[in-house]
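Reading the structure
For reference, the chains in residue letters:
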Amino acid sequence: MQAKKNIKWQRGGLHNIKIEDGIEIIGNSSFCNNNISLLLLPQTLKRIENRAFEEDWCHAENIYDESLEDPLVEEHIITHGITELDIPPSVEYIGQGAFRCLEYGNMAGDKTKSIEKLTFHEGLKIIDKSAFYNRCHLSILKIPNSLVSIGDNAFNLNTIKHLILNHGVKHIGKHAFNCNMCNVTIPNNGVFVDVIAFASCNNIIFEEGVSHIDASAFEDVASAKFPTTIETNIST
C-alpha cells in the first residue's frame, strides 16, 4: 500500500491489518466487510472516511456437497472483531459509519464483535454520524479536549459504563450516546446537546454553570443531578 492519499481494499477477507506510515487518508468503504481482528493505524493518518471499517467483524463460510440437488449443506458465520483500537494523534476526522456494525440487536453485547478498549488522543476534532454505532462495549470512554463535534448516533446502541466529556466539545448530535449503562458529567462550556442525545443513560451530572437543557435531550435517564444554575425548563 504505497498511496499517500487514499487506500481501498474492501471485501477482501482480511484479518490482520497494519498500515505503514505515509498513509494520510483511508477512503470511503476502504476495508468494509472484511474480518478484521487486529488493526494498527499509521501515525501519519489524518482522516478515516465514511464506512472505512464498517461491518468488518464477520463473514459466512459455507459447506457444499455438489452431489445434492441443493448443494448448500451448512452455513457457518465466523466472527472476528477489533477488541482494541487506538486512533493515532494525527487523526482529525472519523467519518460517517466508519466502524459501524449494522447487525440488528447486537447492541455491542457480543464481545466477539465489540471494541472493548477505544483510545482517542488530542488532535481529533470530529466524530461524524454513526461512526461507532452498535460497536463498542467499553468500561470507560474519554473524549479529548480537541474534539468539537460528535455526530448523530455516533455511539448509539453501545455499552459505555463511564463517559468523560472534556470542555472542548461544542455539539453532541441526536442519539449520540443513547447507550446502556452510561454515566456522564455534562461540562459547563456551552455545549449544545441535541434531542435525545443521552436517552436511556443511567446517571447524568451537570456541572455548575450549565443553564440550558434542550427538550428530550435526556429522555428516560435513570437519575440526574442538576446544577443551581439551570434557568430553563427541563424535559427528561
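Located above this text is the structure these notes cover.
Described in the following lines is the structure provided in the data block. Fair warning: this is a prediction, and the values are worked out from it, not measured in the lab.

Turning next to the pattern of salt bridges. It is possible for side chains bearing opposite charge to pair when their charged atoms get close. In this structure the tally under the stated criterion is three salt bridges. The closest approach of N and O atoms between Arg51 and Glu54, which form a salt bridge, is 2.5 Å. With relative accessibility at 2%, the residue Glu54 sits in the buried group. The partner of Arg100 in a salt bridge is Glu54, with the nearest N and O atoms 2.6 Å apart. With Arg100 in the loop between β8 (93-94) and β9 (117-119) and Glu54 in the loop between β4 (47-48) and β5 (58-64), this pair connects stretches of sequence that are 46 residues apart. For the pair Arg100 and Glu54, one class covers both residues: buried.

A few words now on the environment of Ala176. On the secondary structure map, Ala176 appears in the loop between β14 (171-172) and β15 (183-186). Ala176 sits 19 residues away from Leu157 along the chain, and the two C-alpha atoms are 9.1 Å apart. In this structure, Ala176 is in contact with Ile150, Gly151, Asn153, Ala154, Phe155, Asn156 and Ala197, ignoring residues within four places of it in sequence.

Cut-offs applied
Residues numbered from 1 in each chain as written. Predicted model: local features only at pLDDT ≥ 70, side-chain atom pairs only at ≥ 80, totals over all residues. Heavy atoms only, no water. Salt bridge = Lys/Arg side-chain N within 4 Å of Asp/Glu carboxyl O. Buried < 20%, exposed > 50% of the residue type's maximum accessible area, 1.4 Å probe, protein only. Helix = DSSP H or I, 4+ residues; strand = E, 2+ residues; numbered from the N terminus. Contact = heavy atoms within 4.5 Å.

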